[in-house]
Amino acid sequence: QVQLVESGGGLVQAGGSLRLSCAASGRTFSRFTMGWFRLAPGKEREFVAHISWSGGSTSYADSVKGRFTISRDNAKNTVYLQMNSLKPEDTAVYYCAATYSRFAYREVEYDYWGQGTQVTVSS
């Protein structure tokens, strides 16, 4: 089984930045498409971004496009989410996930999930 552990969450003011990390173990990290999802209070868990196994293809939700950047370092078995220009509506628990599928935007397409890390953006 693949284990994913998120870190880097915290409390920031609107307009600030955070970088989330997701460390993977158990199986070959580089073969997975990696995604980030978030769960905000009172809302459903939503897709944020994903990145292909090679890092050559990325996709973002419209709500974060231009502000967030997903990247990966396969040598370190780690995927990152750089979050800039944070808004209060970005407040959520952020989860990383892994899948063998390509072009995966839905929760059900992901096979492995981390425990989540809290991001709180104050106004």
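Here, the structure is the one placed above.
From a predicted model like this one, the values you see are computed outputs, not experimental measurements.

Caption draft 1: View of the side chain of Arg38. Its place among the elements puts Arg38 in strand β4 (residues 33-39). A distance of 2.9 Å separates polar atoms of two side chains, one belonging to Arg38 and the other to Asp90. Only 2.9 Å separates the side chain of Arg38 from the side chain of Tyr94, close enough to count as a polar contact. Ignoring anything within four residues of it in the chain, the contact list for Arg38 reads Glu44, Arg45, Glu46, Val48, Ser63, Val64, Phe68, Glu89, Asp90, Ala92, Val93 and Tyr94.

Caption draft 2: Spotlight on the sheet that holds strand β1 (residues 3-7). Read from one edge of the open sheet, 4 strands run β1-β3-β8-β7, paired in antiparallel fashion. Of all strands in the sheet, those bounded by a partner on one side alone are β1 and β7 (68-73). Along the sheet, successive strands turn relative to each other by an average axial angle of 15°, direction set aside. When strand β3 (residues 18-25) meets strand β8 (residues 78-83), the two strands line up antiparallel, connected through 6 bridges. Each bridged residue has a counterpart across the sheet, and for Ser21 the counterpart in β8 is Tyr80.

Caption draft 3: Spotlight on the nonpolar core. By size, the foremost hydrophobic cluster in this structure holds 35 residues, and its most contacted members are Leu4, Trp36, Leu81, Met83 and Tyr94. For this core, the secondary structure elements donating two or more residues are β3, β4, β5 (46-51), β7, β8, β9 (92-99) and β11 (117-122). Counting residues per element, this core draws most heavily on β9, at 5 residues. Setting aside residues up to four positions removed in sequence, Met83 forms contacts with Gly16, Ser17, Leu18, Leu20, Arg67, Phe68, Tyr94 and Val119.

Reading guide: rules and limits
Residues numbered from 1 in each chain as written. Predicted model: local features only at pLDDT ≥ 70, side-chain atom pairs only at ≥ 80, totals over all residues. Heavy atoms only, no water. Helix = DSSP H or I, 4+ residues; strand = E, 2+ residues; numbered from the N terminus. Polar contact = N/O pair within 3.5 Å; in protein donor to acceptor, adjacent residues only side chain to side chain. Contact = heavy atoms within 4.5 Å. Pairing = 2+ DSSP bridges. Axes fitted to C-alpha atoms, helices over the stretch in contact; angles between N-to-C directions. Core = buried A, V, L, I, M, F, W, Y, C linked by side-chain atoms within 4.5 Å. Buried < 20%, exposed > 50% of the residue type's maximum accessible area, 1.4 Å probe, protein only.

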